[in-house]
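Results of the structural survey
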Amino acid sequence: MSSPQIEVLIPQEEIQKRITELGAQISADYGDRPLVLIGVLKGSFMFLADLVRAISSPVRIEFIGAKSYEGTSTSGQVQITKDLDKPISDEDILLVEDIIDTGLTLNYLLHVLSQRSPRSIRTVAFLDKPSRRRIEVKGDYIGFTIEDKFVIGYGLDFEQKYRNLKDLCILVP
Ligand code: IMP
């Protein structure tokens, strides 16, 4: 059985450079206002870990688990697999996503979280694949906009594998 070929799409140096820029922009926008970063598990864990170190505003970290994917095609169903530990009422929220693909997950999470009376909600996504959108939803801060290719690495998986790759890669069958 031949193993799939992995090609680098965005090297780690470029990822880190862009995250420094995103962190500076977010810090400038929020200043000293305390911010709750909500990482969407599992794909955002690496991006969140790097992004949080590039933000100078005071932050609290929360995680929410959401699942909508089976293999390489979306099922169109979003399920919360882990909820927040604490309430978010009157908090400024920054939802941290790995990728906005069809937009179904982000749309669902924004709907669920906005019902919990936060002061504000914005979204930062490491990646955006606008050509795949099935519902109109936009991220406020975007790391990279990419073409319609299935990507792995830097937290993103294919069947739970490859999350530990340092670069963002493409799986070539
Ligand atoms: P949605 O289609 O925008 O709801 O995206 C749901 C989730 O699918 C994302 O948060 C990712 O975890 C996953 N996903 C979408 N596109 C890719 C990809 O190219 N590689 C790996 N995971 C992806």
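Data block above holds the structure.
Described in the following lines is the structure provided in the data block.

Here is what the cut-offs are and how they apply
Residues numbered from 1 in each chain as written. Predicted model: local features only at pLDDT ≥ 70, side-chain atom pairs only at ≥ 80, totals over all residues. Heavy atoms only, no water. Salt bridge = Lys/Arg side-chain N within 4 Å of Asp/Glu carboxyl O. Helix = DSSP H or I, 4+ residues; strand = E, 2+ residues; numbered from the N terminus. Buried < 20%, exposed > 50% of the residue type's maximum accessible area, 1.4 Å probe, protein only. Near = heavy atom within 4 Å. Polar contact = N/O pair within 3.5 Å; in protein donor to acceptor, adjacent residues only side chain to side chain. Areas by Shrake-Rupley, 256 points an atom, 1.4 Å probe, with all protein chains shown as cover. Nonpolar A, V, L, I, M, F, W, Y, C, P; charged D, E, K, R; others polar. Core = buried A, V, L, I, M, F, W, Y, C linked by side-chain atoms within 4.5 Å. Contact = heavy atoms within 4.5 Å. Pairing = 2+ DSSP bridges.

**Here's the deal with the pattern of salt bridges**
According to the stated counting rule, one finds 14 salt bridges in the structure shown. Glu-21 is paired through a salt bridge with Arg-18; the nearest N and O atoms lie 2.8 Å apart. In this pair, Glu-21 and Arg-18 are both assigned in helix α1 (residues 12-30), three residues apart and thus about one turn of the helix distant. Of the residues examined, Glu-21 reaches a relative accessible area of 38% and is grouped as partly exposed. Notably, a salt bridge pairs Arg-119 with Asp-92, separated by 3.3 Å at the nearest N-O pair. Here the residue Arg-119 occupies a position in the loop between α3 (104-114) and β6 (120-128), and Asp-92 occupies one in strand β5 (residues 92-100), the gap between them amounting to 27 residues. Taken together, the shared-partner salt bridges in this structure form one network comprising Arg-33, Asp-92 and Arg-119.

**Let's talk about the site of the ligand**
Asp-98, Thr-102, Gly-103, Thr-105 and Val-151 are the nearest of the 17 residues found near the ligand. A distance of 3.4 Å is found between an oxygen atom of the ligand and a side-chain nitrogen or oxygen belonging to Glu-97. Here the ligand has 490 Å² of accessible area as a free molecule, and 92% of this is covered by the chains. Of all the secondary-structure elements, those providing two or more residues to the shell around the ligand are β3 (59-70), β5 and α3. When residues of the shell around the ligand are assigned to their parent elements, the largest contribution, four residues, is made by β5. A per-class count over the shell around the ligand returns seven nonpolar, four polar and six charged.

**Details of the nonpolar core**
Proteins that are soluble and globular tend to have nonpolar side chains buried together. By size, the foremost hydrophobic cluster in this structure holds 27 residues, and its most contacted members are Ile-26, Phe-47, Val-124, Phe-126 and Leu-127. Counting only elements with at least two residues in this core, the list comes to α1, β2 (35-41), α2 (45-53), β5, β6, β7 (141-145) and β9 (168-172). Counting residues per element, this core draws most heavily on α1, at five residues. In this structure, Phe-47 is in contact with Ile-19, Leu-22, Val-96, Glu-97, Val-124, Ala-125, Phe-126 and Tyr-154, ignoring residues within four places of it in sequence. By size, the runner-up hydrophobic cluster in this structure holds 18 residues, among which are Ile-38, Leu-95, Ile-100 and Ala-125.

**Thoughts on the pairing of β9**
Where a strand is regular, its side chains alternate between the two sheet faces. Among the five residues in β9, four count as buried, and that is most of the element. Bridge analysis of strand β1 (residues 5-10) against β9 gives five bridges, and the strand direction is antiparallel. Its bridge partner lying in β9, Glu-7 is registered against Ile-170. Strand direction decides the pairing type here: strand β8 (residues 151-152) and β9, joined by two bridges, are antiparallel. Bridge pairing in β9 places Ile-152 opposite Cys-169.

It is worth stressing that arrangement in space is one thing and function is another; only the former is reported here.
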